[in-house]
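# Reading the structure
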Amino acid sequence: MELLDEIMLLHKGGKLETTLKNPIRTKEDLSKVYTPGVAEVCQAIAQDQAQAYELTTKKNTVAVVSDGTAVLGLGDIGPRAAMPVMEGKAALFKQFANVDAVPICLDTKGTEEIIAIVKALAPTFGGINLEDISSPRCFEIEKRLRNELDIPVFHDDQHGTAIVVLAGLLNALKVCGKEIKDVKIVVNGIGAAGISVSKMLLHAGAVNLIGVDREGALNRQVPYSRTHWSEYARMTNPNLETGQLSDVIKGADVFIGVSAPDVLKLEDVLNMAKDPIVFAMANPTPEIDPAIAAPHVRVMATGRSDYPNQINNVLCFPGIFRGALDCEATDINDEMKLAAAKAISSVIDPADLHETYIIPDAFDPRVVERIRIAVAEAAFTSGAARKNLLIGANS
Ligand SMILES: NC(=O)C1=CN([C@@H]2O[C@H](COP(=O)(O)OP(=O)(O)OC[C@H]3O[C@@H](n4cnc5c(N)ncnc54)[C@H](O)[C@@H]3O)[C@@H](O)[C@H]2O)C=CC1
Ligand SMILES: CC(=O)C(=O)O
Ligand SMILES: [Mg+2]
C-alpha cells in the first residue's frame, strides 16, 4: 500500500511542466520574446521554412502520440488513461536524451482521422513517436505518415522493441555459444511488437522462427482474414509446425513474449532446448514470473525495471530520436534501426557479458551517445539526414 501511495503521489498533477530557457523579467524582455520583436523571427521563417529548425523548438521536440488502444499490456483503456504512460515516455525522452517531448492522446480510433491530425501537427515537431496504437491500424498509420511527412515517424512498440530485442538476443546468444541462424525462436503475440521483432530477427539471420498468437502457431497453409498474419506466415515457420504455444515451444532455444501475462508455463520452459533464453516482455506482468523461470533458463529477461536484463524500448527511443533530431533527419529507416541495435549491444564489452548482463542499463550514459552517433551516421550514408552530424555541414 505504501508503494502504491508513493506512485500515486508521484503522478499528482502529472509528471511534466513547461520551463523557460530565458527569463522574462522586464517590459524590454517581453517586447523581444513576444510582440513586436517576435514578428521579425516569424518573418524570417515565412521567407525560409528551414529556419524553423533554428528559431523554434521544432529542432528538439517530438510528439508522443497515442490513441490509448494498446497501452502496455493493458489493452484499449482509452486516451485519458493512456496519458500517464505518454507523460512517462516524454519524461524518459528528456531524462536520457534531453529531447523535449509532448504527450498527445487522441480521442479517436479512426485511422484516417489519426493520420490527418498528426499531419496537421507535424510543423511543430522534429519527429513523431507513435505509441501504444493497436495492430493492425498502427501499420497503416505509420506507413502513411512516413510517406507523407518530411520528419521521422517511428512506432516505438514496433521498432523500438525490435531494436532492443535484437541487441539483447545477439548478446544472449553469445553467452550461450549459439548462432542466430541455428536456433529455434518462438515469438508469442503477433501484434505490433511481435511482427516487427520477427522481421528484424529474420533480417539479422534467424531462419527457424515461429509466431504464435491466441489461435496457435501461424502457418502459411492457413488462410487468415488478417492480411498482416498471411504475410507474416509466409515469412516464418519454415517447418510448418502446428499447435498451441505448449506444442511449438518444445525444443525451442529462444522464447520471446510480447503478448499477455502468465501464458508461458514452467512445463513449457522445461520442454525447451538446452540453455534456453526467455524474454518475457509483456508489461506490466510478463508471460512468466521471472522468479519461476529463472532457475531453469540460461538467460532470463523481462520488460520491467525491477529485474536484471530489462529488454524495454526505453533503451532505444531516446537515443534514436536524439540522433535523428541532431542530423535533422527526414525519416528513421532500416539502416538507422540496425545501427541502433548494434550500438546498444556494443555497449557491453564481450569480456563483461554474463547471463544477467546481456543488455546495458537504461541509466548507462553510453547507450544514448552510441545510438546517437551510429544513427546519425547511418542517416547520412543512407540519405535521410539534412545535416552531417560529424562535420555539422548541410548534406
Ligand atoms: N518490453 C517492451 O519494450 C515492450 C513490451 N510490449 C508488450 O508486448 C505486449 C503486446 O504489445 P503490442 O504488440 O504493442 O500490442 P498489440 O495489441 O499490437 O499485439 C498483441 C498481440 O498479442 C496477442 N495476444 C494476446 N493474448 C495472447 C495470448 N494469450 N497468447 C498469444 N497471443 C496473445 C494479441 O492477439 C495480439 O496479436 C504488451 O504486453 C506490451 O506491454 C510492447 C512493446 C514494448
Ligand atoms: C514498453 C512499452 O512501450 C509497452 O509495453 O508498450
Ligand atoms: Mg508501448
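Details of the structure are given in the entry above.
Since this is a predicted model, take the numbers as computed values, not measurements.

Looking now at the site of ligand 1. As a structural note, the neighbourhood of ligand 1 is formed by 24 residues, with Ser135, Ala192, Ala193, Asp213 and Asn313 the closest of them. Gly73 is positioned such that a nitrogen or oxygen atom in its backbone is 3.2 Å from an oxygen atom of ligand 1. Ser135 places a side-chain nitrogen or oxygen 3.0 Å from an oxygen atom of ligand 1. Going through the elements one at a time, helix 8 (156–176) and helix 9 (192–203) are the ones with two or more residues in the shell around ligand 1.

Strands pair in a sheet through their backbones, by hydrogen bonds, and they do so in one of two ways: parallel or antiparallel. Read across the sheet, 4 strands follow the order 2-1-3-4 without closing on themselves; strand pairing throughout is parallel. The sheet is open, and its two edges are formed by strand 2 (100–105) and strand 4 (153–155), each paired on a single side. Pairwise comparison of adjacent strand axes, ignoring direction, gives a mean angle of 20 degrees for this sheet. Here strand 3 (residues 127–130) runs beside strand 4; their pairing, made up of 3 bridges, is parallel. By the bridge assignment, Asn129 is partnered in strand 4 with Phe154.

What follows concerns the site of ligand 2. Around ligand 2, the neighbouring residues are Leu72, Lys89, Glu131, Asp132, Asp157, Asn283, Asn312 and Asn313. At 3.0 Å, a side-chain N or O of Glu131 approaches an oxygen atom of ligand 2. Coverage of ligand 2 by the protein chains reaches 86% of its 220 Å² of free accessible surface. Each residue belonging to the shell around ligand 2 can be placed in one class, and the counts come to 1 nonpolar, 3 polar and 4 charged.

We now examine the coordination of the magnesium ion (ligand 3). Coordination of the magnesium ion (ligand 3) by the protein is provided by Glu131 (OE), Asp132 (OD) and Asp157 (OD), with metal-donor distances spanning 2.0 to 2.1 Å. Taken in sequence order, the residues that donate to the magnesium ion (ligand 3) follow the motif E-D-x24-D. Of this pair, Glu131 sits in the loop between strand 3 and helix 7 (137–148) while Asp157 sits in helix 8, and the two are 26 residues apart along the sequence. A single burial state applies to Glu131 and to Asp157, both of which are buried.

This part covers the packing of aromatic side chains. Evaluated as defined, the whole model comprises 5 aromatic pairs. Between Phe93 and Phe321 the ring centres are 5.6 Å apart and the planes differ by 75 degrees, which places this aromatic pair in the edge-to-face class. With Phe93 in helix 5 (residues 78–97) and Phe321 in helix 14 (residues 317–326), the pair connects residues that are 228 residues apart, well separated along the chain. Of the two residues, Phe93 and Phe321, both sit in the buried class. A centroid spacing of 5.2 Å and a plane angle of 75 degrees characterise the contact between Phe96 and Phe363, whose relative ring orientation is edge-to-face. Taken as a pair, Phe96 in helix 5 and Phe363 in the loop between helix 15 (334–346) and helix 16 (365–381) lie far apart in primary sequence, 267 residues in all.

Cut-offs and rules
Residues numbered from 1 in each chain as written. Chains lettered and ligands numbered in written order. Predicted model: local features only at pLDDT ≥ 70, side-chain atom pairs only at ≥ 80, totals over all residues. Heavy atoms only, no water. Near = heavy atom within 4 Å. Polar contact = N/O pair within 3.5 Å; in protein donor to acceptor, adjacent residues only side chain to side chain. Helix = DSSP H or I, 4+ residues; strand = E, 2+ residues; numbered from the N terminus. Pairing = 2+ DSSP bridges. Axes fitted to C-alpha atoms, helices over the stretch in contact; angles between N-to-C directions. Areas by Shrake-Rupley, 256 points an atom, 1.4 Å probe, with all protein chains shown as cover. Nonpolar A, V, L, I, M, F, W, Y, C, P; charged D, E, K, R; others polar. Donors = N, O, S within 2.8 Å, 3.2 Å for Na, K, Ca; no water. Buried < 20%, exposed > 50% of the residue type's maximum accessible area, 1.4 Å probe, protein only. Phe/Tyr/Trp six-rings, centres within 6.5 Å; stacked < 30°, edge-to-face > 60°.

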